[in-house]
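These are the residues of each chain, in order.
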Amino acid sequence: MNVLEAIATRRSIRKFTAEAVSEENINTMLQAAMAAPSAGNEQPWQFIVIDDKAQLEKTAKLSPYIGMAAKAPLAIMVLGDRSVEKYPGNWMLDCSAAIQNLLLAAHGEGLGAVWCGLWPEEDRVEAARTLVKAPENAVPLAVIVLGHPDQNLKPQDRYDASRVHRNLW
């Protein structure tokens, strides 16, 4: 599938089969994530691959929006590493670009995924940091819940010409 098709057909998938995600798929997604642009090429991301069932069940409790992780075979937590920042504050933008690449790679691999935010909710950030034993300089941004899809959502055309301005508002 080409990149425009991937963008147009990717959907947030919240139901997964029990089938495990292969190491090859995991590596492909992480390679795509780490190919994202970043301010000053600082690449401030860290990734925690979560595939232990007990850890997935704990991950599902980090936020009311991550419940599907308890039944998924895989989640990847994306954290911003503030210790490598050249341009403070850009870690969130850089990690978001990495997440988008990861989501598109998952879709290209035939997997389903959903982006579940943690940051800027401090209670969720601290609970996530504690769960994965991350250092203070690592800020949990989001959990991407992944697996083989157990639902088939149709593409949606979300283009809205009223939100496009040229030169001035």
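Only a predicted model underlies this, so the values are computations on that prediction, with no experimental measurement involved.

Student: Let's hear about the packing of helix 2 (residues 23–34) against helix 4 (residues 91–108): which residues, and what values?
Tutor: Relative orientation of the contacting elements helix 2 and helix 4 amounts to 145 degrees, with a least axis distance of 7 Å. Judged by the sense of rotation from one axis to the other, the crossing of helix 2 with helix 4 is right-handed. For the pair helix 2 and helix 4, contact is made by Thr 28, Met 29, Leu 30, Ala 32 and Ala 33 and by Ala 98, Asn 101, Leu 102, Ala 105 and Ala 106, respectively. Tallied by class, residues from the contact of helix 2 with helix 4 come to eight nonpolar, two polar and no charged.

Student: Before we move on, could you go through a negative patch on the surface and cite the residues and values that matter?
Tutor: On the surface, a cluster of negative charge is contributed by Glu 23, Asp 51, Asp 52 and Glu 57. Within the fold, Asp 51 resides in the loop between strand 1 (45–50) and helix 3 (53–59).

Student: How would you summarise the pattern of salt bridges if you had to cite specific residues and measurements?
Tutor: Enumeration over the complete set of coordinates arrives at three salt bridges. Measuring nitrogen to oxygen at the nearest pair gives 2.4 Å for the salt bridge that ties Arg 129 to Glu 126. Highlighted residues: Arg 129 and Glu 126, both in helix 5 (residues 122–132), separated by three residues, approximately one helical turn. For Arg 163, the salt bridge is made with Asp 160, and the minimal N-O distance between the two is 3.5 Å. Given a relative accessible area of 69%, Arg 163 falls into the exposed group. Through salt bridges with shared partners, one network takes in Glu 126, Arg 129 and Glu 136.

Student: Lay out helix 4 in plain terms, naming residues and giving numbers.
Tutor: A rise of 1.5 Å per residue sets the reference length of helix 4, with its 18 residues, at 26 Å; its end C-alpha atoms lie 26 Å apart and thus fit the reference within 8%. All buried positions along helix 4 are accounted for by Trp 91, Asp 94, Cys 95, Ser 96, Ala 98, Ile 99, Leu 102, Leu 103, Leu 104, Ala 105, Ala 106 and His 107. Against helix 1 (3–9), helix 2, strand 1, strand 2 (74–81), strand 3 (112–117) and strand 4 (138–147) lie the buried residues of helix 4. Positioned one or two residues after helix 4, Gly 110 has a phi angle of 85 degrees, which is positive.

Student: Could you give an account of unusual backbone geometry, naming the residues involved and the relevant values?
Tutor: The omega torsion of the bond from Trp 119 to Pro 120 falls at 10 degrees, within 30 degrees of zero and hence cis. Examined against the element boundaries, Pro 120 turns out to sit in the loop between strand 3 and helix 5. For Asn 41, which is not a glycine, the phi torsion comes out positive at approximately 55 degrees. By the element assignment, Asn 41 lies in the loop between helix 2 and strand 1. If you check the backbone angles, Lys 133 has positive phi at about 60 degrees while not being a glycine. Relative to the elements of secondary structure, Lys 133 occurs in the loop between helix 5 and strand 4. Here Lys 133 falls in the exposed class, since its relative accessible area comes to 73%.

Parameters at a glance
Residues numbered from 1 in each chain as written. Predicted model: local features only at pLDDT ≥ 70, side-chain atom pairs only at ≥ 80, totals over all residues. Heavy atoms only, no water. Axes fitted to C-alpha atoms, helices over the stretch in contact; angles between N-to-C directions. Helix = DSSP H or I, 4+ residues; strand = E, 2+ residues; numbered from the N terminus. Left-handed = near helix turned anticlockwise from the far one by under 90°. Contact = heavy atoms within 4.5 Å. Nonpolar A, V, L, I, M, F, W, Y, C, P; charged D, E, K, R; others polar. Patch = residues over 30% accessible without salt bridge, like charges linked within 9 Å, V, L, I, M, F, W, Y side chains within 5 Å. Areas by Shrake-Rupley, 256 points an atom, 1.4 Å probe, with all protein chains shown as cover. Salt bridge = Lys/Arg side-chain N within 4 Å of Asp/Glu carboxyl O. Lys, Arg positive; Asp, Glu negative; His and termini not counted. Charge placed at Lys NZ, Arg CZ, Asp CG, Glu CD. Buried < 20%, exposed > 50% of the residue type's maximum accessible area, 1.4 Å probe, protein only. Expected span 1.5 Å × (residues − 1).

Such coordinate-based values are descriptive only and should not be taken to indicate function.
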